[in-house]
Amino acid sequence: MTFASLGLAAPILEAVTEQGYKTPSPIQAQAIPAVIEGKDVMAAAQTGTGKTAGFTLPLLHKLSEGQPAQGNQVRALVLTPTRELAAQVAESVATYGKNLPLKSAVVFGGVKINPQMMKLRKGVDILVATPGRLLDLYNQNAVKFNQLEVLILDEADRMLDMGFIHDIKKIIAKLPKNRQNLMFSATFSDEIRTLAKGLVNNPVEISVTPRNTTATNVEQWIHPVDKKQKPALLTQLIHENKWQQVLIFSKTKHGANKLTKFLEANKIKAAAIHGNKSQGARTRALADFKSGAVRALVATDIAARGLDIDQLPQVVNFDLPNVAEDYVHRIGRTGRAGATGQAVSLVCADEFKLLSDIERLIGKLLPRTIVDDFDPIHTLPESRLNLRPKKPKKPKKPKKPGVDHKDGQRSGENSQGHNPWAKGKLKARAKKS
Ligand code: AMP
C-alpha cells in the first residue's frame, strides 16, 4: 500500500515522501480514508504507531479543500494533555502541511498568553491546544468556534487521568454540533467509552495494539535491589553497558532532581524533566537529550508522556509506577517503529505489590537478574501470575475540588509528582456531574 492510494493530495504526498515514509503504518492505512470520508473515528493507538500522521495527514487534506479561517476562528482543534505533546503535534502539522497554504498555531499554559492571542487574531486552520489555556483564550474572546469542522482528542486516556474531563466537556459544549470527531487513546477504559458516547457518532473503530499489552520488540527484565542501592546500581549499569541515551523514570519530581544530581556527580551527563521545570528548561533538556549532549534524561510519568524520541534504545524504571498502566506507557518509549529496545526496572522489596500489579496487567512475569554486589538485604518476594481481572474499585466520595487545571500538565501534578486527580476520584467526580 502507498500513501497515494489513500487519496491524499499531492502537496501532502510530497511532504510525506520528504520525511522518508514509504508505506503507511496500520493506523494510518485505516484512519486516513475514514477521516477523508468525513467519518468519526475512535482509535486505540499508542505513541509510536504513527497516530499523529494518522490524523494530521487527512486533516490537512480536508482543510485544504474548504474556506480559510476568518478572524479568531479555528477550523480544526486538536486537544492534547501536555505541552510537550501539543508542541510535537504542531511540529507534525507544520512538517506535513509545509506545501499547503494553511495556518496553524499551538497554545498551552505556562507561557505568556498575549503572543498566543496575537497569533489567533487572523484565524487559524488548525489549532493544537491544551484544555486549560484554550478555555482561558476562549473566555478572553481570542478564539471562536463558529467555523469549527473537526475536533481531535489526542491521548484522551491521559487527559482523563490528568483531570481534564470538566475542561473537555466545557470546550465540547462551545463547539458547533455539526462537526467531525476523532478520538485517540492508548487504552479504552470504561471512562473513555463513556466520554466517547457523548462525542463520536457511529465511529469507525480502529485498534492497532491490543489493549494493555506491551510491545513485543521490547526486552524487559528487573533487577531486584535495595532502595538505597538503586542510584549506585543505575550508575554502574549505565557505565558498564555503555548506554548512551537512557530515559529514566522517577515517581516524584524531588526524586528526579536528586537522581540527576547523583548521576552528574558520577560523570553521567543528566537532566531532569518534570512539571516544576520551566517550559524553556524542559525544551532544552529534551533537545540536549536528542542531540546526545545529555546521556540520561530523568522524567516523571506525566512529563514523559508523549515525548517523541526516535529509536530510544533504553528505558529504566528507577521506581515502579503507582499505576500499572503507566508501566506500559513508559516502556512504549522504546522499541519504536520496529527497532528493538530494552526496559529495565530496579525493584525494591517495598515495590512488590506494584510489580505484581504490572505482571498481572501485562499477563507475564518479568525475568529477574541480581547484579553482583547488589544482592538485596530486603528480599523481593517471588511473584506468581494472577490473571484474574481486578475487581473495580468503588468510587470514593470526592474531596473538595480546588485544583487549577489551567496549566497543562503542571497543574496535573502536585509537589510529589503525583496526580491528585487519580482515576478513582475522577470517576466519582465524573459521575456527579
Ligand atoms: P507517533 O505515533 O505519531 O508518535 O509517531 C511515531 C514516529 O513514527 C514519529 O517519529 C514519526 O515521524 C514516525 N512515522 C509516522 N508515520 C510513519 C511511517 N508511515 N513510516 C515511517 N515512520 C513514520
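Residues numbered from 1 in each chain as written. Predicted model: local features only at pLDDT ≥ 70, side-chain atom pairs only at ≥ 80, totals over all residues. Heavy atoms only, no water.

1. Focus on the overall build of the chain
Helix and strand counts for the chain come out as 17 helices and 13 strands. The burial tally for the chain puts 55% of its 433 residues in the buried class. A separation threshold of at least 6 residues defines the contact pool for the chain, and within that pool the share at least 24 residues apart is 76%. Carbon and sulfur atoms make up 51% of the accessible area of the chain, which amounts to about 19700 Å² in all. (Helix = DSSP H or I, 4+ residues; strand = E, 2+ residues; numbered from the N terminus. Buried < 20%, exposed > 50% of the residue type's maximum accessible area, 1.4 Å probe, protein only. Contact = heavy atoms within 4.5 Å. Areas by Shrake-Rupley, 256 points an atom, 1.4 Å probe, with all protein chains shown as cover.)

2. A word on the site of the ligand
Taken together, 14 residues form the shell around the ligand, and within it Tyr21, Gln28, Gly48, Gly50 and Thr52 come nearest. Between the ligand and the protein, one listed contact pairs a nitrogen atom with a backbone N or O atom of Thr23 at 2.9 Å. Between Thr52 and the ligand, the recorded distance is 2.5 Å, taken from a side-chain N or O atom to an oxygen atom. Relative to its free-state accessible area of 500 Å², the ligand is covered by the protein chains to the extent of 79%. Class assignment of the residues belonging to the shell around the ligand gives a composition of three nonpolar, eight polar and three charged. (Near = heavy atom within 4 Å. Polar contact = N/O pair within 3.5 Å; in protein donor to acceptor, adjacent residues only side chain to side chain. Nonpolar A, V, L, I, M, F, W, Y, C, P; charged D, E, K, R; others polar.)

3. A few points about the nonpolar core
Residues Leu77, Leu79, Leu127, Leu134, Leu153 and Met183 are the most contacted members of the largest nonpolar core, which totals 40 residues. In terms of residues, this core owes the most to one element, helix H8 (residues 165–173), which gives four residues. Not counting residues up to four positions away in its chain, the partners in contact with Leu153 are Leu79, Met159, Ile168, Leu182, Met183, Phe184, Leu195 and Leu199. (Core = buried A, V, L, I, M, F, W, Y, C linked by side-chain atoms within 4.5 Å.)

4. Observations concerning the packing of aromatic side chains
Counted by the stated rule, this structure contains three aromatic pairs. Pairing Tyr21 with Tyr96 gives two aromatic rings, centres 6.1 Å apart and planes at 65°, and the pair type is edge-to-face. Of this pair, Tyr21 sits in the loop between helix H1 (10–19) and helix H2 (26–36) while Tyr96 sits in helix H4 (residues 83–96), and the two are 75 residues apart along the sequence. Aromatic pair Tyr138 and Phe145: ring centres 5.5 Å apart, planes at 5°, arrangement stacked. Above the face of the Phe318 ring, Lys230 is positioned so that its terminal group lies 5.8 Å from the ring centre. (Phe/Tyr/Trp six-rings, centres within 6.5 Å; stacked < 30°, edge-to-face > 60°. Lys NZ or Arg CZ within 6 Å of the ring centre and 35° of its normal.)

5. Details of unusual backbone geometry
Positive phi, normally seen in glycine, also occurs at Asn72, with a value near 60°. In this structure, Asn72 sits in the loop between helix H3 (51–63) and strand S2 (74–79). We note that Asp373 has phi near 75°; this positive angle belongs to a residue other than glycine. Relative to the helices and strands, Asp373 is located in the loop between helix H15 (352–362) and helix H16 (409–412).

6. Describing H8
Because an α-helix packs 3.6 residues into every turn, residues spaced three or four apart end up facing the same way. When we look at burial in H8, the residues that qualify are Ile165, Asp167, Ile168, Ile171 and Ile172. Looking straight down H8, one finds its buried side chains confined to an arc of 160°; they lie on one side. (Arc of directions from axis to C-beta.)

7. Section: the sheet that holds S2
Spatially, the seven strands line up as an open sheet ordered S3-S4-S2-S5-S6-S1-S7, and their pairing is parallel. For this open sheet the edge positions go to strand S3 (104–107) and strand S7 (204–207), each flanked by a neighbour on one side alone. Within this sheet the neighbouring strands show an average axis-to-axis angle of 15°, counted without direction. Examined bridge by bridge, S2 and strand S5 (residues 150–153) share four bridges and lie parallel to one another. Across the sheet, residue Ala76 finds its bridge partner in S5, namely Val150. (Pairing = 2+ DSSP bridges. Axes fitted to C-alpha atoms, helices over the stretch in contact; angles between N-to-C directions.)

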